[in-house]
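Structural overview for review
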Amino acid sequence: MSETQLVNITIDGKQISVPKGMNIIEAARLVGVEIPHYCYHPHLSVAGNCRMCQVRIEGQPKLNIACNTGAADGMVIKTQEAAPEVAEAQRATLEFLLINHPLDCTVCDQAGHCKLQDYYYDYNAKASRFIENKVRKVKAEVLGPEIIYDGERCIVCTRCVRFCDEITETSELGVFNRGDHAVIGVSEGQALDNPLAGSVVDLCPVGALTHRRWRFNTRIWYTDQQQSVCGGCSTGCNAQVNLRDGKVVQVKARLNAEVNQEWMCDEGRYGFERFQPESRLQSPQIWQGKEYAPIKLEDALNATQKLVGAGSTGAMLLSPFLTLEETWIALEYATKVMGLDAKSDQTENIQVAVQLVQRPLTKVEAVLISPDYAPNARAFNLLGHALAGNDWRATIQKNYEALLQRVRSGQIKKLFIVGDYALRAVDLDPQLRSALQALECFVATSAAGLDCEGPQNFAQVVLPGRTINEKGGVLVNKDLRLQRLNVLLQAPAGTYPEWSLIKRMAVAAKQPIVGEQVNDERALFREMVVKREIFKGLSLMKIGESGLSLAELQKLASESGTVVANA
Amino acid sequence: MSKQHKKILTNNIDFADQHQLAAYESRGGYQAARKALKMEPDAIIAEVKASGLRGRGGAGFPTGVKWGFVPKNTGKPIYLLNNADESEPGTFKDRVLMERDPHLCLEGMIIAAKALGAHWSAIYIRGEYAYPATRIQQAIDQCYAKGYLGKGIFGTDFQLDIVMHRGAGAYICGEETGLIESLEGKKGQPRIKPPFPAVFGLYGCPTVVNNTETLATLPWIIENGAAEYIKFGTEKSPGTKLTSASGHINKPGVYEIELGYPVMDFINNECGGIRGGRNLKGLIVGGSSVAVLRGDELPPLNMSYESMAEAGTALGSGGFMVMDDTVDMVEACLNLQHFYSHESCGQCTPCREGAHWVEKIVHRIHAGQGTAADLPLIEDVCTQIAGHTICPFGDALVVPVRSFIEKYGEEFQNRIDSAIVSQIGGVSVGNAR
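Residues numbered from 1 in each chain as written. Chains lettered and ligands numbered in written order. Predicted model: local features only at pLDDT ≥ 70, side-chain atom pairs only at ≥ 80, totals over all residues. Heavy atoms only, no water.

Re helix α5 (residues 93–100) of chain B
- The element α5 of chain B is largely enclosed, with a buried count of six among its eight residues.
- Within α5 of chain B the residues assigned to the buried category are Lys93, Asp94, Val96, Leu97, Met98 and Glu99 of chain B. (Buried < 20%, exposed > 50% of the residue type's maximum accessible area, 1.4 Å probe, protein only. Helix = DSSP H or I, 4+ residues; strand = E, 2+ residues; numbered from the N terminus.)

Structure (structure tokens):
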């Protein structure tokens, strides 16, 4: 491949060197100029129909649309900031867009994060001169099981149509009718029901497409907007979760070119609360021969002492729903307190493994979804076993199954299961059940109550954990990208994050892993960064809202290394 | 007295059997195609360039130059499309050609296909043209039966397949990229340019879209040479033009006239003058998308691209519409704006919303509910539509309303003034807002 040719362009008097052919909207962003747009999306084809992004390019007779213009050497571009005719064209475009718009902002879900509202205040802010009757169109057309359409609010930018044509390649949507009667619709006998269908609501710059289940829920300005990551699979889609009164009222995908563009699957979007068990364990439990009895946390921790120094008959099984920091502290506990070998991946002697279950995907699902239920399984690749290649899923799954086999065959006598879902009910075959019951020592942390099917039904000591929605920290996605997970839901009283339980267990064993001052997730993160070479120079700030790739992480580590050497 | 126009296209259209292959051949048909298939493609292109033939669909772009944009050796097939979507209001010239002399259209396509190296070609015919479509299909069938289409045409190794495709009646499918989208089975909406069809056209391959009349002119040029062709017409507008005359004239119809022919002579001679000896009030010379001309502007003008450009209008597609002094110009304008608002494809914001807005304002003025602010508002809206859309439809839709207001402003103003007077007088006029 030839090197990318750089060209010099001028935008509103600011010079910049960009790759030849770079989209002018993107180039303008680099110099801090916003070119308003509706139909343009960085990950969809160019439609050029909204006419909001018109700019003046010197030497051209007419205004050009920035979205369909590539940077060429010596190009001089004037935006609305520098060319009055561009500002006038944008004012007119907004006037056109609003003449048939119902202006029902007072009841619209998009109000407050609507591009029509934003741009109107920025680029028009004048009264309309339209005094005729507005065109009436469909107000509540059901497009699919989750999506409903308002034709009057629609600006026919066709982002949703292009998404279904180009990304999912399912082509359910189309533009019907002509002129100012043009509306979006589904073809006869079809429904907008593909596995990524909810993404069209995120793509809609106005309030035309809305979620049926979240419609008329709340005004956006009353919500608490959390920037987080979806914990459904190892893709790690960037998401914004809007909460009101502690409840999820909307989930939106966040733009991240490296991970999910701006898409999200319906399973992740609408199933955000599926990780919340029906009943919760709110105090430690101990098996008393016939039934479980609640005990104090202190006593429970002391009761786990039997595990310590278990040697070759002990083992640890980790949930893929733990955070990176939790995986780290669990592995520290496994090696330092339990004396296990976390690095060995010899299946016949496996002592530490991460649970991984693969899943089959349809062609459309495979556009975004990863074939696993393991949002953070690769943290184990960073911390435990050597970095696996493309077959990392197979490797982790093989180790997981080998560990279960060792339990079945009685080679493992003492087991510590960290985190919910670390042993799914489906994997609990009769042989494994009896093997678990026969274990000399079996400790589990679990968010799910004892009436839920799971490993907590067999453990001698069960500690009350938390779900992925109730934790903050870092997740490592399938490409070994570090991304920040935020606390979304408030945990019930009496539960503890897994890292906190392990920290206390280590203290009870008189072999503390982290100091007493480590009493929140940020402190734990700092502790992990200090103790592991691979994280040298890392901070939560550097991970930021869009994450940090392995290459960037390694670069950071090598740079930090140099600084230390020089000092 | 009527001038004896030399005919290039319509020599044989009055023969009742001209649509039959045998009759067409008996009058010298397919000789030009035989000749062209023995020529080098570049020689054909050079001949057409030398003839100065300009596209007859409306824009008047030189045909030879258009062909020259097609890139060579891309490894992709090249497509030739015959644009027979003739939907410009007032235009019905291609219809006559296709009905009366369909083989002439096909022969032109064979010549163009040889010049371009195209082996697959389509005629995109407007859906309402049911009868011309049967004639074209019959001609295609006859050619296939005789081996004039398909493999090894006229004993050469040249292959050409022609398919007829009937549109569904949208004006915008006459725009070349709208036509290509429609032919691909999509909604007829113009594509964003660049890339241009010559590089990225039908199915992403190099494509040339030519008007039916343009293609039908090719056999004569190949047979008689460019040097003979440029003897007709003017320097900048060589040749002849089919003109479909309609409106308040005594003899409406399709006439082939030499370019450069004075407009008034055409009206008075070929068209037989204004009906009932009335006064000529206005003329739309080349389809609804060109500016209207007042009767008193016409005497110095002639039927050529340059003369019309000088007068601020265009020769366009040949849709020649004559209006006498009985015409209410506000209503005529409303009629045209209704057409444009109905035909806007709805893709670009300014055209989608603006076309209807303009129509609604004109409608209001026509209904006697205009206000003083309406004419400046129309002008402002038109300014923001023209040049701000993907295709030239936006430019086309503002031309009639702007020119009608410019040329007949007093009629619009009178409507508005009387509306204001009647409102002040307390008389309710229609449904007041």
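With respect to the pattern of salt bridges
- For the structure on display, the rule yields 59 salt bridges over all chains.
- Across the pair aspartate 380 of chain B and arginine 91 of chain A runs a salt bridge whose closest N-O atoms are separated by 3.6 Å. Of this pair, aspartate 380 of chain B sits in helix α15 (residues 374–385) while arginine 91 of chain A sits in helix α2 (residues 84–99), each in a different chain.
- The buried category is assigned to arginine 91 of chain A, whose relative accessible area is 8%.
- The partner of arginine 393 of chain A in a salt bridge is aspartate 372 of chain A, and the shortest N-O contact between them spans 2.6 Å. Linking arginine 393 of chain A in helix α10 (residues 392–408) with aspartate 372 of chain A in the loop between β17 (352–354) and α9 (379–383), this pair joins segments that are 21 residues apart in sequence. Pair check on accessibility: arginine 393 of chain A and aspartate 372 of chain A agree, each one buried. (Salt bridge = Lys/Arg side-chain N within 4 Å of Asp/Glu carboxyl O.)

Here we look at the domain arrangement of chain B
Residue and element names in this part refer to chain B.
- Each domain of chain B was delimited in the assignment, giving domain 1 (21–229), domain 2 (240–324) and domain 3 (329–423).
- Relative to domain 2, the C-alpha centre of domain 1 lies at a distance of 27 Å.
- At the junction of the two partners, domain 1 supplies 17 residues and domain 2 supplies 19 residues.
- Here domain 1 packs against domain 2, burying approximately 1300 Å² in sum over the two surfaces, 55% of which is carbon and sulfur.
- Among the residues of domain 1 in contact with domain 2, Arg56, Phe92 and Lys93 are the three that bury the most area, contributing 34% of the side total.
- Seen at the junction of domain 1 and domain 2, the total is one salt bridge.
- Inspection of the domain 1/domain 2 interface yields eleven residue pairs in polar contact (both at pLDDT 80 or more).
- In terms of residue count, α5 provides more of the side of domain 1 that touches domain 2 than any other element does, three residues in total.
- Grouping the constituent residues of the side of domain 1 that touches domain 2 by class yields six nonpolar, six polar and five charged. (Domains from an automatic or database assignment. Contact = heavy atoms within 4.5 Å. Buried area = accessible area lost by both parts, 1.4 Å probe. Polar contact = N/O pair within 3.5 Å; in protein donor to acceptor, adjacent residues only side chain to side chain. Nonpolar A, V, L, I, M, F, W, Y, C, P; charged D, E, K, R; others polar.)

Points about the pairing of strand β19 (residues 441–446) of chain A
Residues and elements named next belong to chain A.
- Along β19, six of the six residues are buried, which leaves the element largely enclosed by surrounding structure.
- Here β19 shows two buried faces, one formed by Cys441, Val443 and Thr445 and the other by Phe442, Ala444 and Ser446.
- Of the pairings in the sheet, the one linking strand β18 (residues 414–418) to β19 comprises four bridges and is parallel in character. Along β19, the bridge assignment pairs lysine 414 with cysteine 441.
- Inspection of the sheet shows β19 paired to strand β20 (residues 461–464) by four bridges, in the parallel sense. Bridge pairing in β20 places serine 446 opposite proline 464. (Pairing = 2+ DSSP bridges.)

A word on the interface of chain B and chain A
- Listed as interface residues are 34 residues of chain B and, on the opposing side, 36 residues of chain A.
- In this assembly, chain B packs against chain A so that about 2800 Å² is buried in total across both faces, 53% of it on carbon and sulfur atoms.
- Our count for the chain B to chain A interface comes out at four salt bridges.
- Where glutamate 343 of chain B meets arginine 178 of chain A, a salt bridge forms, and the shortest distance between an N and an O atom there is 3.3 Å.
- There are 16 residue pairs in polar contact (both at pLDDT 80 or more) connecting chain B and chain A.
- Counting only elements with at least two residues in the side of chain B that touches chain A, the list comes to α13 (329–343), α14 (349–366) and α15 of chain B.
- Per-element accounting of the side of chain B that touches chain A gives the leading share, ten residues, to α14 of chain B.

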